[in-house]
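Here are the chains, one letter per residue:
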Amino acid sequence: MSFFKGDQKADKIQQLCDYIDRSNAIVATTGAGISIAGGGVTYGQMHFAGMRGGGYGSDSFMKSFRDSMFNYEPSFSHYALRDLEEEGKLIGVITTNVDCMHTKAGSKNVAEIQGSFQVNCCASCGRHYDGYDIWNQEELPRCTVCGGSIQPWPIYSHIGLWDEDVNKAREWIGKADLILAIGTHGNYGGVYWSYRRRDAVVVQINPGRTAFDMEAALNIREECDAVFRQVKERRG
């Protein structure tokens, strides 16, 4: 019986490889699962674990999340998506993660639909300081004009949507013939999912059940890093 189960898993990996090989326009939609695979702590985990100190903008919260961003590397799956982009297969990544790990891994086309620590603003004068490297320092960054505290989009927007990247997400998913749902639990309905091609194949990679279960032509119930390591072996 265990041999049969192993064959089932192997068959699903081969199915995924076949989908990738036949695809001309892949879009990946990712959530917390892809960052957890690399050992990082997600923004949501920190909030719900009570690590926010005096609130979202507190020094303790910001330092804790900042340390997580720079103490951990992107996961194997982040790099696998970058490789698919470089191969010309993947046209974009749509993510609700704010940790900038897709960009750190080298992906160029990333739609961070809930913003990220790459979109930063002075809380006092509104001056923008974009790019995640501003957080990679001992002290929390301050505005060079007025000295005010700099806050990333997830904080100063109260977890609003970043319209510029929502528009990218809608454009990309409208072109995709293959959608990879990786470590994410929701498709965010009218935000971008309803703009997808109706003939697009959906493959979900997630150990648990999610909103994508009924949408997916293929559900792979494994951690994403384990899946992409097998895909790399199969595709060479």
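Residues numbered from 1 in each chain as written. Predicted model: local features only at pLDDT ≥ 70, side-chain atom pairs only at ≥ 80, totals over all residues. Heavy atoms only, no water.

Caption draft 1: Representation of the packing of aromatic side chains in the model. Scanning all chains against the criterion turns up six aromatic pairs. Joined through ring pairs, the aromatic side chains of Trp153, Tyr156 and Trp162 make up one cluster. (Phe/Tyr/Trp six-rings, centres within 6.5 Å; stacked < 30°, edge-to-face > 60°.)

Caption draft 2: Looking closely at the side chain of asparagine 97. Along the polypeptide, asparagine 97 turns up in the loop between strand 2 (90-95) and helix 6 (101-105). Separated by 2.8 Å, the side chain of asparagine 97 and the backbone oxygen of glycine 31 make a polar contact. Here the side chain of asparagine 97 touches alanine 32 through a polar contact of 3.3 Å, landing on its backbone nitrogen. Apart from the residues within four sequence positions on either side, asparagine 97 is in contact with Thr30, Gly31, Ala32, Ile34, Ser35, Glu112 and Gly115. (Helix = DSSP H or I, 4+ residues; strand = E, 2+ residues; numbered from the N terminus. Polar contact = N/O pair within 3.5 Å; in protein donor to acceptor, adjacent residues only side chain to side chain. Contact = heavy atoms within 4.5 Å.)

Caption draft 3: Local environment of the side chain of aspartate 177. Inspection of the secondary structure puts aspartate 177 in the loop between helix 8 (163-175) and strand 6 (178-182). One buried charged residue, aspartate 177, remains without a salt bridge, the closest side chain of opposite sign being arginine 197 at 5.1 Å. Sequence-distant contacts of aspartate 177, defined by excluding residues within four places in its chain, comprise Ser23, Asn24, Ala25, Ile26, Arg197, Ala200 and Val201. (Buried < 20%, exposed > 50% of the residue type's maximum accessible area, 1.4 Å probe, protein only. Lys, Arg positive; Asp, Glu negative; His and termini not counted. Salt bridge = Lys/Arg side-chain N within 4 Å of Asp/Glu carboxyl O.)

Caption draft 4: Region of the structure containing the packing of helix 5 (residues 76-86) against helix 10 (residues 224-235). Closest axis-to-axis distance for the helix 5/helix 10 pair is 8 Å, and the angle between their directions is 40 degrees. Here helix 5 is positioned oblique relative to helix 10, judged by the angle of their axes. Between helix 5 and helix 10 the crossing geometry is left-handed. The residues of helix 10 that touch helix 5, namely those facing Phe76, Ser77, Ala80, Leu81 and Leu84, are Cys224, Asp225, Phe228, Arg229, Lys232 and Arg235. In terms of residue class, the contact of helix 5 with helix 10 is built from six nonpolar, one polar and four charged. (Axes fitted to C-alpha atoms, helices over the stretch in contact; angles between N-to-C directions. Parallel < 35°, antiparallel > 145°, perpendicular 65-115°, else oblique. Left-handed = near helix turned anticlockwise from the far one by under 90°. Nonpolar A, V, L, I, M, F, W, Y, C, P; charged D, E, K, R; others polar.)

Caption draft 5: Molecular detail of the pattern of salt bridges. The full count for this structure, using the stated rule, is nine salt bridges. Close ionic contact of glutamate 171 with lysine 175 constitutes a salt bridge, the shortest N to O distance being 3.2 Å. A residue pair is termed a helical-turn pair when its members lie 3 or 4 positions apart in one helix, as glutamate 171 and lysine 175 do in helix 8 at four residues. Since its relative accessible area comes to 43%, glutamate 171 is described here as partly exposed. Using a relative accessible area of 44% as the deciding quantity, one classes lysine 175 as partly exposed. Among the ionic pairs, glutamate 215 bridges to arginine 196, the shortest N-O distance being 3.2 Å. In this pair, glutamate 215 sits in the loop between strand 7 (201-205) and strand 8 (218-220) while arginine 196 sits in the loop between helix 9 (189-192) and strand 7, placing the two residues 19 residues apart along the sequence. One salt-bridge network, held together by shared partners, links Asp21, Glu87 and Arg235.

Caption draft 6: Seen up close, the nonpolar core. Grouped together as the largest cluster of nonpolar side chains are 24 residues, with contacts concentrated most on Leu16, Leu81, Leu180, Ile182, Val203, Ile205 and Phe228. When contributions to this core are tallied by element, the ones reaching two or more residues are helix 1 (2-22), strand 1 (26-30), helix 5, strand 2, strand 6, strand 7, strand 8 and helix 10. At five residues, helix 1 tops the list of elements feeding residues into this core. Discounting residues that sit within four places of it in the chain, isoleucine 205 has contacts with Leu16, Ala181, Ile182, Gly183, Ile220, Glu222, Cys224, Val227 and Phe228. With 18 residues, the next largest nonpolar core counts Val166, Ala169, Val191 and Val202 among its residues. (Core = buried A, V, L, I, M, F, W, Y, C linked by side-chain atoms within 4.5 Å.)

Caption draft 7: Just helix 8, in detail. If you check helix 8, its first and last C-alpha atoms are 19 Å apart, about what 13 residues at 1.5 Å a residue would give, namely 18 Å. For helix 8, the full list of buried residues reads Asp165, Val166, Ala169, Trp172 and Ile173. Buried residues in helix 8, looked at end-on, bunch into an arc of 130 degrees, giving them a common side. The secondary structure elements touched by the buried residues of helix 8 are strand 1, strand 2, strand 3 (110-112), strand 6 and helix 9. (Expected span 1.5 Å × (residues − 1). Arc of directions from axis to C-beta.)

None of the figures reported here should be taken as evidence of function without further support.
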